[in-house]
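Per-entry structural report
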Amino acid sequence: MTLLTRWDPFREFATLQGRMNRLYRDTYNDRDEALTTTNFAPAVDVYEDEHNVTLKIEVPGIDEKDIDVRIENNTLTVHGERKFEKEEKEENFRRVERQYGSFTRSFTLPTTVDAEKVSANYEKGVLKIALPKKAEAKPKQIKVNVGSETLEGKGQSKAA
């Protein structure tokens, strides 16, 4: 069986550009500056049920006072900063893989979300934002009546 794969030549260039930028940054920037000024984007899970849209954002090592959650113009914006601990001496570092610096993530809210009832909870390095849906946006089940009146009405229309 033959499998066709769509080829995107620009994807290769974006990867190459990212690698070149990292090489340049790592080679020519001061080590302390490279550790403290990087921007990063924490991982986010978004899921939805009939009552809420929920976001779970991984932000371990960030104090809750360094996290800002806002809603403006139907856009949810989460901003935070992971600060580099300066008390460690740089000579002791063999490898630094954790990213430090500030981040901003923005999400356009669907019209079904009630922005007045949004809540955020930070626990064990995970920021959980609950976006309740408006009452009119929730699914409503309609009961179907089956009874003798309905059947009799149909029976009379056939006879007439």
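Just above sits the structure.
This report concerns the structure included in the present document. All figures in this text were calculated on a predicted structure; none of them were measured in a lab. (Residues numbered from 1 in each chain as written. Predicted model: local features only at pLDDT ≥ 70, side-chain atom pairs only at ≥ 80, totals over all residues. Heavy atoms only, no water.)

Observations regarding the sheet that holds strand 5 (residues 101-108)
With antiparallel pairing, the 3 strands of this open sheet are ordered in space as 3-4-5. The sheet is open, and its two borders are formed by strand 3 (67-72) and strand 5, each paired with just one other strand. On average, each strand axis in the sheet is tilted by 15 degrees relative to the strand beside it, whichever way the strands run. As judged from the 6 bridges shared by strand 3 and strand 4 (residues 75-82), these two strands associate in the antiparallel manner. Within the sheet, the bridge partner assigned to E72 lies in strand 4 and is T75. (Pairing = 2+ DSSP bridges. Helix = DSSP H or I, 4+ residues; strand = E, 2+ residues; numbered from the N terminus. Axes fitted to C-alpha atoms, helices over the stretch in contact; angles between N-to-C directions.)

Describing the pattern of salt bridges
The tally for this structure, following the rule as stated, stands at 4 salt bridges. Here K133 and E48 are joined by a salt bridge, their closest N and O atoms 2.6 Å apart. With a gap of 85 residues between them, K133 in the loop between strand 7 (126-132) and helix 3 (148-159) and E48 in strand 1 (residues 44-48) connect regions that are remote in the sequence. For E48, a relative accessible area of 54% corresponds to the exposed category. Between K65 and D63 there is a salt bridge; the shortest N-O distance is 3.3 Å. The exposure class of D63 is partly exposed, given its relative accessible area of 42%. (Salt bridge = Lys/Arg side-chain N within 4 Å of Asp/Glu carboxyl O. Buried < 20%, exposed > 50% of the residue type's maximum accessible area, 1.4 Å probe, protein only.)

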